[in-house]
Amino acid sequence: MRAEWATSGLDLFLRAAPEAGRRDGLERALREAIRAGRLPAGTRLPASRGLARDIGVSRGTVTHAYAQLVAEGYLIGRHGSGTYVADRPLVPARTPAAPTGRGTDRVRHDLRPGTPDLTTFPRAAWLAATRRVLNEAPAEAFGAADPAGRPELREALAAYLGRARGVVTAPERIVVCNGYAQAVTILCHVLAAQGRRGAFAFEDPSLPKLPAAARRAGLATPTIPVDDEGARIGDLRADAAVVTPAHQYPMGVTLSARRRGELVDWTRATGGLLVEDDYDGEFRYDRQPVGALQGLAPERIVYAGTASKTISPGLRLAWLALPGHLVAPVAKAKSHLDRYSETLSQLVLADLISSGGYDRHIRRCRTRYRHRRDRLVNALAAGAPGLALTGIEAGLHALLPLPTPEAERQAQSQARRAGLAVDALADYYATPTPPRSGLVIGYGTPPEHGFTPAVDALLKSLHPLNT
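Residues numbered from 1 in each chain as written. Predicted model: local features only at pLDDT ≥ 70, side-chain atom pairs only at ≥ 80, totals over all residues. Heavy atoms only, no water.

A. The environment of Val133, seen in detail. By secondary structure assignment, the location of Val133 is in helix 4 (residues 123-136). With residues up to four places along the chain from it excluded, the contact list for Val133 reads Leu344, Leu347, Val348 and Asp351. (Helix = DSSP H or I, 4+ residues; strand = E, 2+ residues; numbered from the N terminus. Contact = heavy atoms within 4.5 Å.)

Spelled out as structure tokens, the structure:
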């Protein structure tokens, strides 16, 4: 009997040995599917007549196979309702035991950076926007899309970025990507394809996976030191450099006005390209937002934004506002990589931005995260007065400087014992001897009910350093 896809009510893929008899083969295929968990308890099987037609056997063969498996306890026949998979325990596959002494710390609290509070996802606004899109979008909107992204989203982004972040761009200069990591990967491949194989520089410290993407494209990855004024461009020799001016990741500093000028001067003097990662530029608390660096040199700076911090990383939506000469090659590279990004979420985000729902959501989140920041600062002032957070004017994370690498390791070890996940600053440095030590604390990550217990666990882990 050939393996077939059934079309009688639900798709049912059955593997049966060709040498098996028709009835025996069907019984074995059903048993295997149930044992493997491919047919979970409660699944309604196709009617005998329909399944017989789909797999090319007589109806009696299916009826007898069902009856046999009912007798064995694999199936349940419900009069007038059909045949269902019985609720019976499965034997789980054996997995190797974890090495003794490793993996024993259970994470109960999470203060790692890089993720917003996922409970803030604007469900009602997203649902309302989805309904509007499904009711109003033309049929062609759900077909193959432009690699650069839906025009509705690019138009909405151009207007929003100009208004809220000071970005100088136009819809035809925006390319929508499946997340920021893909955006950087595309830029790396474009630079390599243009023969600019000198270097793609990254701040140090920074997110390690991004330099790795550049190296996979054949580019060298020199580092840009970061101090209290932000990226220190110095005498960098590179074709391109990624910087985080609004809120450096992970140090948390804001690029000073002097350094902003130096970066722009570097692009003009060397012909180099800057990539501005504005991953959480909307979240500023103690002063007016700093405008995007891109506005100072739109033909020399790529602006990169994302919805991963403002709404959810699960959307996989990011965007590049590009200099004119890069639009076509970036769109072409995007089409070679995955053709185009998913359409519906682009249309929904465009609607959310145009209707004002995106701004309202960001304002609510900004208030929520500011309150969390304040609670964290106050808790540390009371429970660990010898330590003070930095990089707290913006974003979703802060840095807790520690005096030595040993103190950093001790604090992270104590955190693990307290069931707390938190990052060490050393993990973000490319240099083998990091000049600074500390913990990178993501105060946006926990849900509201978990924030206070997570802060309590942090204070517990810091207690030996504060005595």
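B. Local environment of the sheet that holds strand 9 (residues 273-277). Spatially, eight strands are ordered 4-11-10-9-8-5-6-7 in an open sheet, and the strand pairing comes out mixed. Among the strands making up the open sheet, the edge pair consists of strand 4 (174-177) and strand 7 (230-231). Direction of pairing for strand 8 (residues 240-243) relative to strand 9: parallel, over a ladder of four bridges. Paired with Ala240 across the bridge in strand 9 is Leu273. (Pairing = 2+ DSSP bridges.)

C. Broad picture of unusual backbone geometry. A cis geometry characterises the amide bond from Asp204 onward to Pro205, with omega recorded as 15°. Residue position: Pro205 is located in the loop between strand 5 (200-204) and helix 7 (209-216). Put simply, Tyr249 and Pro250 share a cis peptide bond, and its omega is 15°. By secondary structure assignment, the location of Pro250 is in the loop between strand 8 and helix 8 (257-270). Backbone geometry at Arg316 places phi at a positive 55°, although glycine is not the residue there. Within the element layout of this structure, Arg316 appears in the loop between strand 10 (301-306) and strand 11 (318-321). Taking relative accessible area as the criterion, Arg316 reaches 39% and is therefore assigned partly exposed. (Buried < 20%, exposed > 50% of the residue type's maximum accessible area, 1.4 Å probe, protein only.)

D. Up close: the pairing of strand 9. Most of strand 9 is tucked away: five of the five residues are buried. Residues Leu273, Val275 and Asp277 point to one face of strand 9 and Leu274 and Glu276 to the other, with burial holding for every one of them. After leaving strand 8, the chain enters helix 8 and then returns to the sheet as strand 9, a path that is right-handed. (Right-handed = clockwise from strand over helix to strand, strands pointing away.)

E. Molecular detail of the pairing of strand 8. Neither face of strand 8 is left uncovered, since the one carrying Ala240 and Val242 and the one carrying Ala241 and Val243 both have all their residues buried. Taken together, the three bridges between strand 5 and strand 8 define a ladder with parallel strand orientation. For Phe200, the partnering residue across the bridge sits in strand 8 and is Ala240.

F. Region of interest: the sheet that holds strand 14 (residues 423-424). If you walk across this open sheet you meet the three strands as 12-15-14, and the pairing is antiparallel. Edge strands, defined here as strands with exactly one partner in the open sheet, are strand 12 (397-402) and strand 14. Bridging between strand 12 and strand 15 (residues 437-442) involves six bridges; their strand directions are antiparallel. Paired with Ala398 across the bridge in strand 15 is Ile441. Its contacts with the sheet place helix 12 (residues 405-417) against strand 12, strand 14 and strand 15, and it is angled at close to 35° to strand 15. (Axes fitted to C-alpha atoms, helices over the stretch in contact; angles between N-to-C directions.)

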